[in-house]
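Given next are the chains, with one letter for each unit.
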Amino acid sequence: MGILPVALWTDMLIWLLLSAITVFVWYCSRHAHLAAPWARVFRSRAALASAVFLAAYLMIGLCDSLHYRQALPTVDTRSPVAYAVEVRSLLDAALSALRERNERTYSAPLATRLHQKELIEKPDGSSSRDYPRLRHGGAHLANEDAWGEDIAWHLFAGLVASIALWGLLVAAMRYSFARRWPEIPWGAAYAALACMLALAGPLAALAVNYHVLGTDKIGQDVLYQALKSIRTSMVIGTLTTLVLLPVGIAAGIMAGYFRGWVDDAIQYFYTTLNSIPGVLLIAASVLMVQVFVDSHPDLFPTAAQRADFRLLMLCAILGAIGWTGLARLLRGETLKLVELEYIQAAHAFGVPDARILLRHILPNVSHIVIIALVMDFSGLVLAEAVLSYVGVGVDPTTISFGTMINAARLEMAREPMVWWALATAFTFMFVLVLAANLFADAVRDGFDPRVRM
Amino acid sequence: MRALLFLSFLLTGCGEVWNDPYPVADRGRNVMYSAFTERPKHLDPAQSYTEDEARFTQQVYEPPLQYHYLKRPYELIPLTAQEVPKALELEGGKYTQYTIRIRPGIHYQPHPGFVAANLDLERKITDRLRSPYDLPLGTRELTADDYIYQIKRLAHPRLHSPIFGLMSEYIVGLKEYAARLQQAEKPGRWLDLRDHPLEGVERLDAHTYRVKLKGRYPQFAYWLAMPFFAPVPWEAEKFFQQVGMAEKNFTLDWWPVGTGAYMLTENDPNARMRLDRNPNFRGEPYPLVGEAGDAASGLLADAGKTMPFIDRVVFSREKESIPYWNKFLQGYFDASAIPSDTFDQAVRVSIEGESGLTAQMEQREIRLRTSVDTTILYLGFNWLDSVVGGHTDAHAAQRARKLRQAISIAVDWEEFIAIFLNGRGLVAHDPLAPGIFGQREGRDGVNPVTHDWNNGKPERRPIAAARQLLAEAGYPDGRDAKTGIPLVLYLDTVGRGPGDKPRFDWWRRQFAKLSIQLEIRDSDWNRFQEKIRKGSQQLYILGWNADYPDPENFLFLLHGAQARATTQGENTSNYVNAEFDALFERMKNIANSPDRQQLIERMVDIARHDAPWVWGYHPKSYGLTHAWMQNGKPNNMARNNIKYLRVDVDQRSALRRAWNPTVLWPLALVVLLLIAIAAPAFLGYRRRERAAAKPT
Amino acid sequence: MLAYIIRRVLYAMPILIGINLLTFALFFVVNTPDDMARMQLGQKRVTPEAIQKWKAERGYDKPLLWNEQAAGADKITRTIFFEKSIKLFVFDFGRAEDNRDIANEIRVRMWPSLALAIPAFLVGLAVNITFALGMAFFRASYLDLWGVVLCVAMMSVSALFYIIGGQYLVAKLWHLVPISGYQSGLEAAKFVVLPVLIGVISGLGSGSRWYRTLFLEEMGKDYVRTARAKGLAESVVLFRHVLQNAMIPILTGVVAVIPLLFMGSLISESFFGIPGLGSYTIDAIQAQDFAVVRAMVYMGSVLYIVGLLLTDISYTLVDPRVRFA
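Residues numbered from 1 in each chain as written. Chains lettered and ligands numbered in written order. Predicted model: local features only at pLDDT ≥ 70, side-chain atom pairs only at ≥ 80, totals over all residues. Heavy atoms only, no water.

### Remarks on helix H15 (residues 401-411) of chain A
Test applied: The classification of residues rests on relative accessible area computed with a 1.4 Å probe and restricted to protein chains. Under 20% of the type maximum is buried, over 50% is exposed, and intermediate values are partly exposed. Helix numbering and strand numbering both begin at the N terminus, where a helix is a DSSP run of H or I of at least 4 residues and a strand a DSSP run of E of at least 2. Residues count as neighbours in contact if any of their non-hydrogen atoms are within 4.5 Å of one another. Definition of a polar contact: a pair of N or O atoms within 3.5 Å, with one able to donate and the other able to accept a hydrogen when the atoms are protein atoms, and with sequence-neighbouring residues admitted only if both atoms are side-chain atoms.
Across the eleven residues of H15(A), nine count as buried, placing the element largely inside the fold. Every buried residue of H15(A) is listed here: Phe401(A), Gly402(A), Thr403(A), Met404(A), Ile405(A), Asn406(A), Ala408(A), Arg409(A) and Glu411(A). Packed against the buried residues of H15(A) are helix H9 (222-258), helix H14 (353-390) and helix H16 (420-447) of chain A, helix H9 (321-329) of chain B together with helix H8 (159-173) and helix H12 (266-272) of chain C. Structurally, the start of H15(A) carries an N-cap: the backbone nitrogen of Gly402(A) is 3.2 Å from a side-chain oxygen of Ser400(A).

### A few points about the packing of H8(C) against helix H9 (residues 188-219) of chain C
Helix-helix packing: each pair is described by the crossing angle between the helix axes and the interaxial distance. Residues and elements named next belong to chain C. Applied cut-off: Lines are fitted to the C-alpha atoms to define the axes, a helix being fitted only along its stretch in contact, and any angle between axes, read from their N-to-C directions, falls within 0 to 180 degrees. Here the word oblique covers every angle except those under 35 degrees (roughly parallel), over 145 (roughly antiparallel) and from 65 to 115 (roughly perpendicular). With the far helix as reference, a near helix turned anticlockwise by less than a right angle produces a left-handed crossing, and one turned clockwise produces a right-handed crossing. Each residue receives one of three labels: charged for Asp, Glu, Lys and Arg, nonpolar for Ala, Val, Leu, Ile, Met, Phe, Trp, Tyr, Cys and Pro, and polar for the others, Gly being one of them.
In contact at an axis separation of 10 Å, H8 and H9 are set at 140° when each is read in the N-to-C sense. Regarding the angle of H8 to H9, the classification is oblique. In the packing of H8 onto H9, the handedness of the crossing is right-handed. Taking contact as the criterion, the partners of Tyr-162, Ile-163, Gly-166, Gln-167, Val-170 and Ala-171 in H8 are, on H9, Leu-194, Ile-198, Ile-201 and Ser-202. The class makeup of the residues in the contact of H8 with H9 is seven nonpolar, three polar and no charged.

### Re the confidence of the model for chain C
Heads up, the rule is: For every residue, the pLDDT score states the predictor's confidence, bounded by 0 at the bottom and 100 at the top.
With 96% of its residues at a pLDDT of at least 70, chain C reaches an overall mean of 83. In the model of chain C, helix H4 (residues 74-77) of chain C stands out as the element of lowest mean pLDDT, 74, in contrast to helix H6 (residues 102-137) of chain C, which has the highest, 91.

### With respect to the environment of Trp26(A)
Secondary-structure assignment places Trp26(A) in helix H1 (residues 9-30). Note: C-alpha distance between Trp26(A) and Leu169(A) (143 residues apart in sequence) is 23 Å.

### Structural notes on the domain arrangement of chain C
How big an interface is tends to be expressed through the accessible area that disappears when the partners come together. Residue and element names in this part refer to chain C. The criterion, for reference: Domain start and end points were adopted from an automatic or database domain assignment. Buried area: the accessible surface (1.4 Å probe) lost by two parts on joining, summed over both. Salt bridge, as used here: a side-chain nitrogen of Lys or Arg that lies within 4 Å of a carboxyl oxygen of Asp or Glu.
With domains assigned, chain C is organised as domain 1 (36-90) and domain 2 (102-318). Between domain 1 and domain 2, the residue contacts involve eight residues of the former and seven residues of the latter. Counting the surface lost from both domain 1 and domain 2, the interface buries some 650 Å², and carbon and sulfur atoms represent 60% of this. Area buried by domain 1 at its contact with domain 2 is led by Met-36, Met-39 and Leu-88, which between them contribute 60% of it. Our count for the contact surface shared by domain 1 and domain 2 stands at zero salt bridges. If you look at where domain 1 meets domain 2, you find zero residue pairs in polar contact (both at pLDDT 80 or more). Broken down by secondary-structure element, the contributors of at least two residues to the side of domain 1 that touches domain 2 are helix H2 (33-41) and helix H5 (80-89). Here the element with the most residues in the side of domain 1 that touches domain 2 is H5; it accounts for four residues. In the side of domain 1 that touches domain 2, the residues fall into five nonpolar, two polar and one charged.

### With respect to unusual backbone geometry
For residues other than glycine, phi is negative in most cases, and the peptide bonds are mostly trans. All names here are of chain B. Of note, the bond from Arg-72 into Pro-73 is cis; its omega dihedral lies within 30 degrees of zero at -5°. Here Pro-73 shows up in the loop between strand E2 (65-67) and strand E3 (76-78). The omega torsion across Met-307 and Pro-308 is -5°, close enough to zero to call that bond cis. Its place among the elements puts Pro-308 in the loop between strand E11 (306-307) and strand E12 (312-317). With a phi close to 60°, Gln-568 is a non-glycine residue in the positive phi region. Mapping Gln-568 onto the fold places it in the loop between helix H18 (564-567) and helix H19 (578-588). Of the residues examined, Gln-568 reaches a relative accessible area of 23% and is grouped as partly exposed.

### So, a nonpolar patch on the surface
Rules: Note on patches: the residues involved have over 30% relative accessible area and no salt bridge, like charges join within 9 Å, and the nonpolar side chains Val, Leu, Ile, Met, Phe, Trp and Tyr join within 5 Å. Accessible areas in this description were obtained via Shrake-Rupley with a 1.4 Å probe; residue shielding takes into account the shown protein chains only.
Among the surface-exposed residues, Ile17(C), Leu21(C), Leu64(C), Leu65(C), Trp66(C) and Ile76(C) lie close enough to one another that they form a single nonpolar patch of about 560 Å² accessible area. Inspection of the secondary structure puts Leu65(C) in the loop between helix H3 (48-58) and H4.

### Digging into the pairing of strand E5 (residues 95-101) of chain B
Residue and element names in this part refer to chain B. Test applied: For two strands to pair, DSSP has to find at least two bridges joining them.
Of all seven residues making up E5, five are buried, and the element is well covered by its neighbours. When E5 meets strand E7 (residues 208-214), the two strands line up antiparallel, connected through seven bridges. By the bridge assignment for E7, Gln-97 is matched with Lys-212.

### Description of the interface of chain B and chain C
Every contact between the two is made by 73 residues of chain B and, on the other side, 59 residues of chain C. Taking both sides of the interface into account, the surface hidden between chain B and chain C amounts to around 5,900 Å²; carbon and sulfur atoms contribute 52%. Scanning the region where chain B abuts chain C turns up three salt bridges. At the junction of chain B with chain C, the criterion picks out 14 residue pairs in polar contact (both at pLDDT 80 or more). Of all the secondary-structure elements, those providing two or more residues to the side of chain B that touches chain C are helix H1 (2-11), H9, helix H16 (525-534), strand E23 (539-545) and helix H22 (665-693) of chain B. No other element matches H22(B), which puts nine residues into the side of chain B that touches chain C. Residues that form the side of chain B that touches chain C fall into these classes: 35 nonpolar, 18 polar and 20 charged.

### Notes on the sheet that holds strand E1 (residues 3-6) of chain A
All names here are of chain A. Spatially, three strands are ordered E1-E2-E3 in an open sheet, and the strand pairing comes out antiparallel. A strand with exactly one partner marks an edge of an open sheet, and here the two such strands are E1 and strand E3 (83-89). For this sheet the average axis-to-axis angle between neighbouring strands, irrespective of direction, equals 30°. Bridging between strand E2 (residues 67-71) and E3 involves four bridges; their strand directions are antiparallel. Bridging across to E3, His-67 finds its partner in Ser-89.

Structure representation (structure tokens):
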């Protein structure tokens, strides 16, 4: 069966961003003065360990950023190939087992039966009210008494697999990276990797036959949803900065360099933007985007494209509001730089302004830009959850931590409580944000410990 | 933090429950506690139309008629009228006339408007007012003029009565009256409607008035049971018209004035609405007879006693369903609906399909009462659509009909009800809600297009039958038979937020059964309405909540002459069928009779065959009440239910105490934790101090 | 000083005009007057005439920005923008779409918001500073390290979890406070205890870490070294010198936030059913009540600008070197 690749806007931008980062990394590695702060960053054990976790998240997010449409089975040879409307990603394909094995409704983690009683018709015609067996979770067990044993076996198998994989990865790292940069404390990375694999291995092994983290209201696997949420967080955390960056940098250094009316105008803009309560501005903009989408159905033929556009616009809106902070920092820094002698000298020699800005100012504020970027990430991930709660976040059909929390919040009132969806969202989000925060701290310390953010 | 907790401890009174959300002063009083989710928008009887508002307005305003509280099917009985008025046909049915006789001796609630001095207040007095009830209060007797005044208000240029359009079709001269008032109205001046007579409404004496309608309209009697036809004293309107009143939100729209059992004494739609017993209420006896089984369930214990029983009703604003439910379980609300997410906690469905309460609820002696709402929710097809709609060409029309029928089979409402509503709904087989005249039971009540009748119960037809119909419609396996292009349909819905995703997935699965690709376009309410208005939707989901228990109020949703896209009517599917329309015209204006039954049956059969809707479901409402609440019975029509209710205050206080034991160990734990954090810090501090003091 | 303030207020005018234009543009693209009418008139039996009447009554039947039909200055003044915006400048907010007076509503709802925001702010500040001082005192020890780790961990939890968890434990399981609601007067205490506590805890991570950096920065300065060299005890150095000097950036930072306390907290208020300005705003967004949202945007902006002004003034008060420029 054929596939039709689909390039969503956010996909393209994510890959663009990734290639830009790759080029940047390559460039940095060629220039010692650029590589030095990064070496300082990675000398921190916490940063290295967080980087391992972030890389794992990144891999999942990237897998989820390659979309396609499956061809429908051909009925007639002369008819053209038709593709399903539903847009899937590489991650969906890899997790098709999780995605397709839906139960009827809630089931607890690793359960073999539903979370609520139902009317069951017995073969002899009578019926009783009991917890029915799940369609998929633990369905391979002929006898439910063997459940404990089966779980233990899966755990064991998963752990063995993880240890093997860990060994391989560590060996690979030792012979490649560790040789090249011996000063970096690779032990921390190995430990973090061990931690992660010790969790992921058994999780994956169990996920083959069970719903490891339970199912939600319509019986979808919670683990699958958590993994899908990662891309949404990643897109919001990174693409927003893509919008914010050019505006923030340009406005900040221009205001600081030219001063006078340029400074006044830019300051006017950002004070105006800043003084409007953020949530209200976002709410209005998101509603506006929604109206635009609703009134142009021809531009967005599939639901995936609509949801994607809303996600992209959410990033754009957050970026359009967020640039003011960066611009203010850069303005302050530029004001200081302009007073320095070598810039004054450049002026005196008649070097054009554009050249001074690009050659002298920009490189000297780049550390602030990098710090701001990294520090913004976790804040944006957290903001998404709150905005989705208020109803002005991502499209309701997009799986994200915000939508997960929102749905799970209502489940807390159930008795017995449905806690697994909330706990899953909490854990996945906490790990992501914590890793991002720790990494950001290290970046700040590595680049400029004096910058206050 | 500890200090604050301690403070709250002191405030709530030692030994009492800590989490009582109500003022200490109200403890032990004969108060009923309820909640409201949506803030009301209008409490003016000419404008108020929603159920959220009816909960307040119907306790205060008394139209001439009301529904019997206990009897089913719903029956109209007099409220302030002496009897239910009979329609009198004039000029061979060209006009009908209703003569309504009001009981003498009914008095209004205390209100400042009835004191002449208050009608000309000085600005500085108004500015200082905190509540209209701070002024001297008066009352007066209810007269027929007040009813006439309100009918005139339906045409008032400053008010937006939702039924003005409808009523101007019937009440003689109302349309022209509105135009006349438009002319007479001057900005900044109070428009006294008493100076402007209305042709179709006539005062016979102080307690009798007459309404003249064009043609026959038997449903008019139902309207006479709604606050649209309640009395409004001109004094109240004049009182609230004074300068400075509106700035304080002192308007008739927020402060109703009526003759009912209760009066609205506190009005803060953000937090709290309070009803107090109307001291001038004449007293009404509790009904003597009810439905079969009412006596057994204790609903007739108070028969003949003078209502109301409760002194005060406090409605608290509760926007979120979880706090609402939890407060109910803690005993701070006397009654509650059951949120879908907590259904299992409250209700278990027995093998026979009967629902009962769970052990936990039964132990608390909570009572469950269920009833089917006079509401229908459905998936509509737009008749103007080129794929699923009606066609003039017979062949195309047949194809589209088969497609609609196939979809009607595939959409498994039984599963929808089970998953999303916990079984709180009945699958609809036609637009008529259960209990409405014309609705059939048993085999005839089942739609043969979607269901088979097996072993005495309806069973949804197999998906193979749907696929067969789909193939006949020209889409074998969901592909266009000619081009091989997959069939894609578009469903318009109103997005309600992040909780929608499971629902959308479910919808896609229904269409996937037929290999039809479904695209869901959700939008906000405005955009959705706009699409419907333009007739540009294909599939859509909508509901209708009946105004009155008459088949006309459901079947008109399919009346071709009321199509939304062309006439802005309520037929959102834009369904047109000449035979159906002709039958509707005959059916709508005759009284319930075997003749009418036949007409309705024929109409329903046509609609089932044409399948302009995938008949959805009628929601059931499940109400829970605590043991201390007596006389609660769900009633979809009568909202003036509070006067019937009774509360056992002592039992409530005792149970609240038992259910809300304060758990103190976490507080102790917090204190210990703080010490655990502070101790090493303190020790470290001491060590450093000493180290610093030592000469090094 | 007075001249300076007046100049700053005048400087704020173009900003306020900008805000008005921006919000006006945003909201009118989203919501046409027709939409607003439909929202307000309900769902059943809405006729086109009723919509027309509603619009005419509220002045929404005029052109948005430019009235072709009018003459002279009326071309600008007889438009929706002019009529709806100009009044904002003099704080005449008019009526909400449901016909309630907005100014009256704000006056009433302000108190619950403040009852929640002020204790949360003060207690939060005190707790953060205490925590930060502790960490600064034990800098570079394990206590400090774990303190920072705790801060980062606390920062990494979404505020929603604090609220959901707190409400579940304290109100539902332990019956310590009412789940939601509000009473005015002294009884408000039992309703705001939990939201205040949650507010403090959710802000603890980032707040105390921030103050810690401030203290550490201050401690690296020469005068501290001198003080230590004089043989002053560490606690004296910390509390007398460092705290006092660090209070300058703390206070000036705090001053900017104080006016915004008026706006209330959007999430907390709606979770705990506190009828303040935050839940007013959320309700208005959900009901698409344009008049209320704009009034709140305007209020927020004015308060923000007041905050900026207060910051500048407080700088000059604490640091005599800064002159009014």
